[in-house]
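Each chain, written out:
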Amino acid sequence: MRVHGEVSDDEAAVAAAAGEQVPISPTAASAGQQWLVVGYALTKKKVKSFLQPKLLALARKKGIHFVSIDETRPLSEQGPFDIILHKLTSKEWQQVLEDYREEHPEVTVLDPPNAIQHLHNRQSMLQEVADLNLSNGYGEVCTPRQLVIMKDPSSIPDAVAKAGLTLPLVAKPLVVDGTSKSHELSLAYLEASLPLLDPPLVLQEFVNHGGILFKVYIVGETIRVVRRFSLPDVNTYDLGNNDGIFRFPRVSCATNNAEDADVDPCIAELPPKPLLEKLGKELRRRLGLRLFNIDMIREHGRKDRYYVIDINYFPGYGKMPGYEHIFTDFLLSLVQSKYKRLLSGC
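Cut-off values and rules
- All chains use their own residue numbering, which begins from 1 and follows the written sequence.
- pLDDT decides what is reported in this predicted model: residues at 70 or higher carry local features, side-chain atom pairs at 80 or more are listed and counted, and totals for whole chains, interfaces and linings draw on all residues regardless.
- In computing side-chain values, all of the structure's heavy atoms are included and hydrogens and water are not.
- Elements are defined by DSSP. Helices are runs of H or I of four residues or more, strands are runs of E of two residues or more, and each kind is numbered from the N terminus.
- Relative accessible area decides the class of each residue, using a 1.4 Å probe on protein chains only: under 20% of the type maximum gives buried, over 50% gives exposed, and in between gives partly exposed.
- Surface accessibility follows the Shrake-Rupley procedure with a 1.4 Å probe radius. Residue values consider only the protein chains on display as shielding.
- pLDDT is defined as a per-residue confidence score from the predictor, taking values between 0 and 100.
- Contact between two residues is taken to exist if any of their heavy atoms lie within 4.5 Å; hydrogens are not considered.
- At least two DSSP bridges between two strands are needed for those strands to be called paired.
- Every axis corresponds to a line fitted to the C-alpha atoms, with the helix fit spanning only the stretch in contact, and the corresponding angles, defined between N-to-C directions, vary from 0 to 180 degrees.
- Basic side-chain nitrogens of Lys or Arg form a salt bridge, by our definition, when they fall within 4 Å of a carboxyl oxygen of Asp or Glu.
- UniProt positions are given in the numbering used here, feature names are shortened, and annotations may be inferred rather than shown by experiment.
- Any pair of nitrogen or oxygen atoms within 3.5 Å is treated as a polar contact; in protein, a donor-acceptor pairing is required on top of that, and neighbouring residues in sequence qualify only through side-chain atoms on both sides.
- Put simply, a nonpolar core is a bunch of buried Ala, Val, Leu, Ile, Met, Phe, Trp, Tyr and Cys residues held in one set by side-chain atoms that sit within 4.5 Å of each other.
- Within 6.5 Å between ring centres, the rings of Phe, Tyr and Trp (the latter by its six-membered ring) count as paired, and their orientation is classed by plane angle as stacked under 30 degrees, edge-to-face over 60, tilted in between.

Asks: Go over the overall build of the protein chain, please, and point to the residues and values.
Replies: Looking only at helices and strands, one finds 13 helices and 15 strands in the protein chain. Counting only residues that meet the buried cut, the protein chain has 49% of its 346 residues in that class. Split by element, the accessible area of the protein chain, about 17,200 Å² in all, is 51% carbon and sulfur.

Next up, the structure:
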């Protein structure tokens, strides 16, 4: 393993943003410490948001070495890696990674490409939540009623009526491909405006939720929740005085932070921890994923009824407070678990 000379956090961040191998301090190596090598295959935008100086600095202190994977070279000629982090969506890359997993079962891939595929389609991503039928003493977790429209916008009003969906409806692109466009929303108040939508898409019944969304970040077994401003509630006046299609950019981004906002405590109250732990555990098992987030809302006026409206793979962890500690601890725990299994002969 090659170890580079001492560099500053800023220099490391620049190298990461440029897609180059991130230099690390030789301190640990000179002291005989083994490095945990994490190869990453991420877009430039993801590298910039995820491999922040504070993460790189803490990773070096803990003996974690991030290495950029060169997509133009055979993966088997790179490394060796202990862990591979990735968020590339091309079919070619997915096949490369699947082949590599078969050849190198000792390497932990976060996460398996075939499992991630489940979240690339909004028709299937919420099915596991619906199948859970999760309800306990802390609350109930549901999914909005929804309808998939593949083509022919003129058929949407009849399809909505046949499905018995109630306006207003939130329209989302069917395919989630990592682009900003795939996270854009549209809100349709009137039946006459439905043919203006652009399939393929998913229509979800809008649920009033006090204008607050909970982003539930999952990193292995760790769960963190942050509040974001969301679409405002819709009332009878809105339904009678709005027509057309209202389009919104990505609603729950970090700029819509609602952590310190003056919000009704009943609306701002976070979902109960036991409920989130149960939901996170079940979805990790059912989805086969360890890095994802859940967009959740609480029905306004119903303290214990929650709706999952989206699930995202490898979300913007850089926006999560303290993510550098959570993520480095998670990476180290993976190696510790593997070591324990080897000792036990499992």
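So much for the structure itself; the text now carries on.
Asks: Give me the confidence of the model for the protein chain: which residues, what numbers.
Replies: Averaged over every residue, the pLDDT of the protein chain is 86; the share at 70 or more is 85%. Mean pLDDT values over the elements of the protein chain span from 40, in helix 2 (residues 27–30), up to 98, in strand 3 (residues 83–86). Note that pLDDT drops below 50 for residues 1–31; the model gives that stretch 62 contacts with residues more than four away or on any other chain.

Asks: Explain the environment of Ala 130 to me, and be specific about the residues and the numbers.
Replies: Examined against the element boundaries, Ala 130 turns out to sit in helix 8 (residues 127–132). Note: C-alpha distance between Ala 130 and Thr 143 (13 residues apart in sequence) is 6.0 Å.

Asks: Just give me the short version of the sheet that holds strand 1 (residues 36–41), but keep the residues and values in it.
Replies: The strand order across the open sheet formed by 4 strands is 2-1-3-4, and the pairing between neighbours is parallel. The sheet is open, and its two borders are formed by strand 2 (64–68) and strand 4 (108–110), each paired with just one other strand. When the angles between neighbouring strand axes are averaged without regard to direction, this sheet yields 25°. With 3 bridges connecting them, strand 3 and strand 4 associate as parallel partners. Across the sheet, the residue bridging to Ile 84 is Val 109, located in strand 4. Along the sheet, helix 5 (residues 91–103) makes contact with strand 1, strand 3 and strand 4, crossing strand 3 at roughly 165°.

Asks: Would you mind going over the pattern of salt bridges in detail, with residue names and values included?
Replies: A complete count under the given rule lists 15 salt bridges for this structure. Between Lys 303 and Glu 269 there is a salt bridge; the shortest N-O distance is 2.6 Å. Within this pair, whereas Lys 303 is found in the loop between strand 14 (291–298) and strand 15 (305–313), its partner Glu 269 is found in the loop between helix 11 (265–268) and helix 12 (273–287), the two being separated by 34 residues in sequence. For Lys 303, a relative accessible area of 56% gives the class exposed. Exposure remark for Glu 269: the relative accessible area of 37% places this residue in the partly exposed category. The closest approach of N and O atoms between Arg 286 and Glu 282, which form a salt bridge, is 3.9 Å.

Asks: With reference to specific residues and values, describe the UniProt feature "binding site: 1D-myo-inositol 1,3,4-trisphosphate" (unreviewed entry) in the protein chain.
Replies: Mapped onto this structure's residue numbering, the UniProt feature "binding site: 1D-myo-inositol 1,3,4-trisphosphate" (unreviewed entry) falls at Lys 46, Lys 87, His 183, Lys 215, Asn 312 and Gly 316. Residue class for His 183 comes out buried when judged on its relative accessible area of 11%. Looking at the element boundaries, Lys 215 is found in strand 11 (residues 212–219). Residue classification places Lys 215 among the buried residues on the basis of a relative accessible area of 7%.

Asks: Give me the side chain of Arg 227: which residues, what numbers.
Replies: Mapped onto the elements of the fold, Arg 227 is located in strand 12 (residues 222–229). A relative accessible area of 16% places Arg 227 in the buried class. Polar side-chain contacts of Arg 227 include one of 2.5 Å to the backbone oxygen of Ala 268.

Asks: Tell me about the sheet that holds strand 8 (residues 169–173), and name the residues and values.
Replies: The 5 strands are arranged 7-10-8-9-13 in an open sheet whose pairing can be described as antiparallel. Both outer strands of the open sheet, strand 7 (146–149) and strand 13 (245–248), are each paired with one neighbouring strand and no more. The average angle at which neighbouring strand axes cross in this sheet is 25°, direction not considered. For strand 9 (residues 185–188) and strand 13, the ladder comprises 4 bridges, and the chain directions are antiparallel. Within the sheet, the bridge partner assigned to Ala 188 lies in strand 13 and is Ile 245.

Asks: Run through the nonpolar core, naming residues and quoting values.
Replies: Generally speaking, a soluble globular protein has its nonpolar side chains buried in company with each other. Formed by 60 residues in total, the largest nonpolar core has its most connected members in Phe 50, Phe 66, Leu 85, Leu 291, Ile 311, Tyr 317 and Leu 331. Apart from the residues within four sequence positions on either side, Phe 50 is in contact with Leu 42, Leu 55, Phe 66, Leu 85, Phe 314, Tyr 317, Tyr 323 and Phe 327.

Asks: Tell me about unusual backbone geometry, and name the residues and values.
Replies: Omega for the peptide link from Leu 110 to Asp 111 comes to -5°, which places this bond in the cis form. Here Asp 111 is to be found in the loop between strand 4 and helix 6 (113–116). Positive phi outside glycine occurs at Asp 152, with the angle close to 60°. Summarising the element assignment, Asp 152 is placed in the loop between strand 7 and helix 9 (156–163).

Asks: With reference to specific residues and values, describe the packing of aromatic side chains.
Replies: Taken as a whole and assessed by the stated rule, the structure comprises 10 aromatic pairs. Measuring from centroid to centroid gives 6.0 Å for Phe 327 and Phe 330, while their planes differ by 75°, and the two rings are edge-to-face. Pair noted here: Phe 327 and Phe 330 are both in helix 13 (residues 323–344), with a separation of 3 residues, about one helical turn. Summarising the burial analysis for this pair, Phe 327 and Phe 330 share the class buried. Members of the aromatic cluster, each reached through a chain of ring pairs, are Phe 50, Tyr 217, Tyr 313, Phe 314, Tyr 317, Tyr 323, Phe 327 and Phe 330.

Asks: Quick rundown of the side chain of Asn 312? Include the residues and the values.
Replies: Note that Asn 312 resides in strand 15. Ignoring anything within four residues of it in the chain, the contact list for Asn 312 reads Leu 119, His 183, Leu 291, Phe 292, Asn 293 and Asp 295.

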